[in-house]
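# Report on the structure
So you can see what is in the structure, the chains are spelled out below.
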Amino acid sequence: MVSKVVQRIVWSVGLACSVWQCGAQSRATCLYGESFMAESLPPDWTGLPTTVERLDENGAGTGEFVTAWQVGNAVGANSAGYFPVPDEPAGNTFAMVNDDAPPCDCAMADVSLFSPFIDLAGAGFPALSYRVYHDGLPFNGDASLWASFDGSSWTLLEEIPPMPGAWQQRTTDLSDFASGPVQLRFTYDDGGQWASGFALDDVCVFDRLPHDVALSQAWVGDATVSAFNTGTRSLGYSRIPIEQQSPLRLSARIRNNGTSVAGEVQVVASISLNGATPVEITTTVATTLAPLQDTLVSWETGYLAAEAGSVSILLTTTAIDQDEEPSDNSAQVGFAVTSTSEGNHTMALDNDLASAVCGTDAGFSAGCRYELISGSSAVHGISVRFGAGTLPGSRVQALLMDGNLNSLSGSSNHTITDADLELSFAGGSVYIPLDSTFAVVNEQDVIGLVRCLPDSGALRVASGGVAALGSSLLIDATTFSITYPGTTPIVRIHFSDAVTGLSNPAPSSSILTIAPGAAEGTFVIHGVPVGTHGPLEVLDVAGRLVERRFVRPDGHQIILSMQGNAPGLYRVMLHAAEGISHRWTGAFVLPRGL
């Protein structure tokens, strides 16, 4: 019987793009572009109506008027729990109308966002690309895109279809407006019903070239299969035990932005394990692709990681004709391979970035579905990251269920402590051992859950990363109704007991020696034992994360480049990859004038 000790975990994938789903690089050449990076709408964009009236809980007007169109991020969008815009990339900002969150709880009937007039003179084949989040929930809100020469007579370019749980990358032909300036208008209408909202980002007007394929999204896993289809192993894991690997499957959405048919469309996957020389695997994914058409493809690479560590993947698409705009041909994805000695033997779907919370005071269970393959594996425990709104003294239980929600194992109730919350808010997870391990005999799905009973106190589970619809679950404790969140609860399963030193789970520390390096703006970190490898974090004086990466020191030292950072005091933390049973800390001052 495993002792009921809550153990502490920190693990970072440490990749340039550490989520299992990524977008491609942005286009290098935009005739006009807007990414909504400021705190409010750009001055040349107009939202109408200018203000809308706030409603009370019964839908009656309050007499208070607020700005309809805002600029914000995923945390603000989903602050009321009804508009789960994926935090992709992390911390990204966008323009939005939000039907049910501060500062608005409003009727969003026929609201519009107008671009400035964009000069298309000289553009032979202009087109528009943009990202949009429009889930149409819960009562089928409508969204559309219009264009006008004069700002008064409008032509419908496209109805924007709803797509729950994911940003859409869309491209629209503007050739009919090539003779002069054009104004764009994005509209949203909640139909007078309670709805979620509409978000817009990365607007780019560009001139199409004859040969231009783009890789707009990429995934680890099979994105062509619904997560509700449990007969096919399709989910992409951000962390996977080495013995639970199956041959790596990748997916990509590829679009032909050119004016000519693209032939022999291929994707080159450059796969590197722990920074070693990449392995390149080339796959033909389409024989032809018509202009302004896209295709969602998935293929098996045959790759299996030979050891635990970080796997980084650079995907690049090509066609038979040389691409004339290669800036949008690539995307990066990655994941971590874990083991008994590295990464806490974790299996996870989240991206390790807590961008939202889930749960209610009425009681709930939250977790994820995991597809297991047969072998000698056994699930030992479940870890969870608690979110803002959780109070010490709340009680939680870990549950392991089969795909039909029949119990396989569970834990005793755990009372949340201040130390648990401190760890969670610092980016760690709290490990709860199961009363009995569950041996994986056959291929099957299991569901790892944490349960908060209605009378157990205030509790929230942190979540991060886009959840393929059907891969994550929220279960109401009273009605037992199941909903499928768009953001992944940070609830993970472990195939061995995580973190060593059960009698003293708090981390022990050693001091790093940090000195200026030979090159300007570099520092040399001394004092790390040979062979140590794990997440390295650099924080500024305010505690903000400046850099995080997975490192394998060469001998006793690590080279750290700080070129381009502001002068001041910085802290360095290096966590052992087995968890934070040991960590090394140090500090240095970056002088002015670099």
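Residues numbered from 1 in each chain as written. Predicted model: local features only at pLDDT ≥ 70, side-chain atom pairs only at ≥ 80, totals over all residues. Heavy atoms only, no water.

Our next topic: the overall build of the protein chain. Tallying secondary structure elements over the protein chain gives two helices and 48 strands in all. Split into buried and exposed, the 594 residues of the protein chain put 54% on the buried side. With the model as given, the accessible surface of the protein chain reaches about 23700 Å², and the carbon-plus-sulfur share is 53%. (Helix = DSSP H or I, 4+ residues; strand = E, 2+ residues; numbered from the N terminus. Buried < 20%, exposed > 50% of the residue type's maximum accessible area, 1.4 Å probe, protein only. Areas by Shrake-Rupley, 256 points an atom, 1.4 Å probe, with all protein chains shown as cover.)

A separate point is the packing of aromatic side chains. Scanning the model with the defined rule gives eleven aromatic pairs in all. Seen from their ring centres, phenylalanine 228 and tyrosine 484 are 4.9 Å apart, and the 85° between their planes marks the pair as edge-to-face. A residue pair is termed long-range when its members are at least 10 positions apart, and phenylalanine 228 in the loop between strand E19 (213–220) and strand E20 (239–241) and tyrosine 484 in the loop between strand E38 (482–483) and strand E39 (487–489) qualify at 256 residues. Take tyrosine 484: its relative accessible area is 35%, and that puts it in the partly exposed class. Aromatic rings pair up to connect Phe83, Phe94, Tyr133 and Trp167 into one cluster. For the cation-ring pair, arginine 131 lies above tryptophan 167, with the distance from its terminal atom to the ring centre recorded as 4.3 Å. The ring of tryptophan 154 is capped by arginine 185, whose NZ or CZ atom sits 5.7 Å from the centre of that ring. (Phe/Tyr/Trp six-rings, centres within 6.5 Å; stacked < 30°, edge-to-face > 60°. Lys NZ or Arg CZ within 6 Å of the ring centre and 35° of its normal.)

As a further point, take the nonpolar core. The nonpolar side chains of a soluble globular protein tend to be buried, and buried together. Among the nonpolar cores identified, the biggest contains 65 residues, and Ile313 and Ile493 are the most heavily contacted of them. By residue number, the principal contributor to this core is strand E22 (residues 262–273), which donates six residues. By size, the runner-up hydrophobic cluster in this structure holds 33 residues, among which are Leu120, Val182, Phe186 and Leu200. (Core = buried A, V, L, I, M, F, W, Y, C linked by side-chain atoms within 4.5 Å.)

This brings us to helix H2 (residues 418–425). If you check which residues of H2 are buried, you get Asp420, Leu421, Leu423 and Ser424. Down the axis, H2 shows its buried residues gathered within 160° of arc, on one side only. Among the exposed residues of H2, those pointing more than 90 degrees away from its buried face are Asp418, Glu422 and Phe425. Once H2 finishes, glycine 427 follows within two positions and takes phi at roughly 100°, a positive value. (Arc of directions from axis to C-beta.)

Tracing the sequence through the fold places serine 270 in strand E22. Taking the relative accessible area as the measure of exposure, serine 270 reaches 16% and is therefore buried. Among all residues touching serine 270, those that are not within four sequence positions of it are Pro278, Val279, Glu280, Ser312, Ile313 and Leu314. (Contact = heavy atoms within 4.5 Å.)

Looking at chain direction, E22 and strand E23 (residues 279–289) are connected through nine bridges and run antiparallel. Within E23, the residue paired with valine 267 across the bridge is threonine 283. In this structure, the hairpin formed by E22 and E23 is closed by a connection of five residues, where asparagine 274 is found at a positive phi of approximately 55°. (Pairing = 2+ DSSP bridges.)

As a further point, take unusual backbone geometry. A cis amide bond links leucine 48 to the next residue, proline 49, at an omega of -5°. In this structure, proline 49 sits in the loop between strand E4 (46–48) and strand E5 (51–55). Its identity is not glycine, yet aspartate 352 carries a phi of approximately 70°, on the positive side. Assignment of secondary structure puts aspartate 352 in the loop between strand E27 (346–347) and strand E28 (356–358). Here aspartate 352 falls in the buried class, since its relative accessible area comes to 8%.

Once that is clear, we can look at the sheet that holds strand E36 (residues 461–466). Two modes of strand pairing occur in sheets, parallel and antiparallel, and in both the strands are linked by backbone hydrogen bonds. A sheet is described by the order of its strands in space; here three strands give the open sequence E28-E36-E39, paired in antiparallel fashion. Each end of this open sheet is capped by a strand with a single partner; those strands are E28 and E39. Strand-to-strand twist of the sheet, defined as the mean angle between neighbouring strand axes without regard to direction, takes the value 50°. One ladder, built from two bridges, connects E36 with E39; its direction is antiparallel. (Axes fitted to C-alpha atoms, helices over the stretch in contact; angles between N-to-C directions.)

Confidence in the prediction of the protein chain, expressed as mean pLDDT, is 83, and 83% of residues score 70 or more. Contacts of residues 1–20 to residues separated by more than four positions or lying in other chains number 91 contacts, the stretch itself having pLDDT below 50. (pLDDT = per-residue confidence, 0-100.)

The next point concerns the sheet that holds E22. On the basis of which strands lie adjacent, the open sheet formed by five strands has the order E20-E26-E25-E22-E23 and mixed pairing. Looking at which strands have only one partner, the edges of the open sheet turn out to be E20 and E23. Averaged over neighbouring strand pairs, the angle between their axes works out to 25° when direction is ignored.

The subject of this paragraph is the environment of proline 210. With respect to the secondary-structure elements, proline 210 resides in the loop between strand E18 (197–207) and E19. Residue proline 210 is classed as partly exposed on the basis of its relative accessible area, which comes to 34%. Measuring from C-alpha to C-alpha, the distance between proline 210 and asparagine 257 comes to 8.5 Å, with 47 residues separating the pair along the chain. Residues within four places of proline 210 in sequence aside, it is in contact with Gly258, Thr259, Ser260 and Glu324.

Let's shift gears to the pairing of E22. In terms of burial, E22 is a largely internal element, nine of the twelve residues being buried. As defined by bridge partners, E22 adjoins strand E25 (residues 309–318) across eight bridges and the pair is classed as antiparallel. Note that in E25 the partner of valine 267 across the bridge is threonine 317.

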